[in-house]
Amino acid sequence: MWIFSRYKDYAPLWTDVASLKQANRVHAFRIVTVLLLIFISLWYNGYAIAKLAKKWPTPLDNYQHLNPNPLLNHDFYQSLKPPALSETAVLTSMYTDSYATAIATLGHSLDRVNSTATRLLFYLPEHISAEALCIATATGFVPHPVSRISPPRNGDGTNKRFLDAYSKLNLWTLGDAGYTAVVHLDADTLVLRNFDELFTLPYRFGAVPDVYVGTHGFALEFNTGVIYARPDTVVFRDMMEKMQTLSYDGLQADQAFLNQYYAAAAVRLPYAYNANLAIKKRQPAMWEDLWKRARIVHYTLVKPFLAEADNSGETIVPMEGLEANIHARMGEFDGAFKQELLEWLGQWKETYAKYGDKLRECERKADDI
Ligand SMILES: *[C@@H]1O[C@H](CO)[C@@H](O)[C@H](O)[C@H]1NC(C)=O
């Protein structure tokens with residue numbers, strides 16, 4: 001123990017060697033304790049880092065082509081009594097004119113898969129021109145004016161792009177109009193396959209978990225681009241009341257609110273009902289399988305009908321300019337979404353071939369005013 005003592009070379013001035021030795025021992029003990037603690041801390045850090053590095057990715061990030069089975073059990077689905085057509089609705093919402101052609105295309109995509117539910121278009125009369133409404137409703141959506149639902153706290157803390165988006169919650173008032181099951185599709189979605197099975201769900205609310213390209217990855221929160229819900233005015237009133245006082249991060253507007261409201265009660269639907277382009281960027285193998293089954297594709301990262309790379313939708317892309325717009329945006333995200341953008345373009349071309357007269361009439365009427 002003497003070797004640790006800085007006094008080891010000193011000659012003692014007094015002869016109480018025993019107490020001097022004792023003092024040196026205490027000192028050495030302290031040094032050994034500190035060294036030991038440093039060692040334990042280094043060891044634990046090394047252990048924790050190794051453990052983190054070895055942590056398995058989520059089954060979605062670790063996606064493998066394993067499950068070839070269709071999503072639905074066909075026999076069971078066929079045994080269900082289909083809901084009355086008049087009680088089901090596919091709903092979309094328009095807050096700005098720049099989404100009109102998207103909604104026309106969405107309507108045609110519903111035709112292609114023999115969707116039979118009533119099509120409703122929520123719009124804010126004070127924000128939407130007659131021309132845009134004419135275009136958006138050319139392929140079967142019935143205009144349904146709604147009053148704007150203001151974000152709580154006067155929009156403080158809400159993303160500027162989503163200030164009107166709470167109006168979507170008017171969905172829950174549709175129970176009064178006799179609808180028992182509603183699917184809300186955001187205007188930036190396109191239908192690839194029939195999804196009537198959603199109307200037979202016994203639950204009150206369902207949506208697909210959200211996906212981010214960055215660190216948030218495959219999220220627990222759902223994305224409200226596709227919502228299945230059983231409308232109920234009692235629920236609507238409850239929402240309106242609680243929205244004012246609820247504590248939540250309201251940046252993502254209605255989506256944040258619904259995530260907080262339904263929290264543990266939402267049915268998380270399969271990704272096929274909201275095939276978000278972000279999945280392709282994050283996990284291409286998963287997208288490959290998803291594309292073969294997707295009912296609804298959600299153009300989140302690149303919106304083919306909008307001009308701006310940030311999808312602000314501030315300028316309107318005219319019908320004649322859509323094809324050029326899509327080709328101009330094809331290179332975004334390293335050209336990752338070429339196939340999906342061409343799918344949208346193909347469906348837009350079909351829409352225009354089938355409804356061109358009606359669509360051109362919308363433009364003509366606008367010119368006459
Ligand atoms: C839609 O209905 C038509 C006529 O019944 C049928 O020929 C076609 O295959 C159906 N399309 C889909 C996608 O189910």
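From a predicted model like this one, the values you see are computed outputs, not experimental measurements.

S.K.: Requested: an account of the pairing of strand S1 (residues 88–94), with residues and values cited.
M.R.: By the criterion of burial, S1 is predominantly enclosed, with seven of the seven residues buried. Pairing between S1 and strand S4 (residues 181–185): four bridges, direction parallel. Across the sheet, Leu91 pairs through a bridge with His184, a residue of S4. Each parallel crossover has a hand, and the one from S1 via helix H3 (residues 100–112) to strand S2 (residues 118–123) is right-handed.

S.K.: Got a sec to walk through the side chain of His298? Specific residues and values, please.
M.R.: Mapped onto the secondary structure, His298 falls in strand S10 (residues 296–298). Under the relative-accessibility criterion, His298 is labelled buried at 4%. The residues touching His298, leaving out its near neighbours within four places in the chain, are Asp186, Asp188, Thr189, Asn223, Gly225, Asn274, Ala275, Asn276 and Leu277.

S.K.: Report on the side chain of Asn276, specifying residues and quantitative values.
M.R.: Its location among the elements puts Asn276 in strand S9 (residues 275–276). Using a relative accessible area of 4% as the deciding quantity, one classes Asn276 as buried. For Asn276, the side chain forms a polar contact with the side chain of Thr300, separated by 2.6 Å. In this structure Asn276 touches Asp210, Val211, Asn223, Trp287, His298 and Thr300, once residues within four positions along its chain are discounted.

S.K.: Give me the UniProt feature "transmembrane region" (unreviewed entry) in the protein: which residues, what numbers.
M.R.: Listed under "transmembrane region" (unreviewed entry) in the UniProt record, and renumbered for this structure, are residues 28–47. Along residues 28–47 the backbone is 100% helical and 0% strand, and the end-to-end C-alpha distance reaches 29 Å.

S.K.: Tell me what's going on with H3, and back it up with residues and numbers.
M.R.: Across its 13 residues, H3 extends 19 Å between first and last C-alpha, which sits within 8% of the 18 Å expected from 1.5 Å per residue. Most of H3 sits out of view: 11 of its 13 residues are buried. For H3, the set of buried residues is Ala100, Thr101, Ala102, Ile103, Ala104, Thr105, Leu106, Gly107, His108, Ser109 and Leu110. Phi turns positive one or two residues past the end of H3, at Asn114, with a value near 60°.

S.K.: Any chance you could break down the sheet that holds strand S5 (residues 189–191) for me, citing the residues and the numbers?
M.R.: Sheets are built from strands paired through backbone hydrogen bonds, the pairs being either parallel or antiparallel. Spatially, three strands are ordered S5-S10-S9 in an open sheet, and the strand pairing comes out mixed. Strands at the two margins of the open sheet, each flanked by one partner only, are S5 and S9. Taken together, the three bridges between S5 and S10 define a ladder with antiparallel strand orientation. Its bridge partner lying in S10, Thr189 is registered against His298.

S.K.: Describe the pattern of salt bridges, with residues and values.
M.R.: In this structure the tally under the stated criterion is 18 salt bridges. Lys168 serves as the salt-bridge partner of Asp254, at 3.3 Å between the closest nitrogen and oxygen. With Asp254 in helix H6 (residues 253–262) and Lys168 in the loop between strand S3 (142–145) and S4, this residue pair connects regions lying 86 residues apart in the sequence. Of the two residues examined, Asp254 and Lys168, each falls in the buried class. The salt bridge involving Lys281 is made with Asp334; its shortest N-O contact spans 3.9 Å. A residue pair is termed long-range when its members are at least 10 positions apart, and Lys281 in helix H7 (residues 277–282) and Asp334 in helix H10 (residues 332–335) qualify at 53 residues. Each member of the salt-bridge network shares a partner with another, and the members are Asp111, Arg119 and Lys354.

Basis of the calculations
- Residues numbered from 1 in each chain as written.
- Predicted model: local features only at pLDDT ≥ 70, side-chain atom pairs only at ≥ 80, totals over all residues.
- Heavy atoms only, no water.
- Buried < 20%, exposed > 50% of the residue type's maximum accessible area, 1.4 Å probe, protein only.
- Helix = DSSP H or I, 4+ residues; strand = E, 2+ residues; numbered from the N terminus.
- Pairing = 2+ DSSP bridges.
- Right-handed = clockwise from strand over helix to strand, strands pointing away.
- Contact = heavy atoms within 4.5 Å.
- Polar contact = N/O pair within 3.5 Å; in protein donor to acceptor, adjacent residues only side chain to side chain.
- UniProt positions renumbered as here; feature names shortened; annotations may be inferred.
- Expected span 1.5 Å × (residues − 1).
- Salt bridge = Lys/Arg side-chain N within 4 Å of Asp/Glu carboxyl O.

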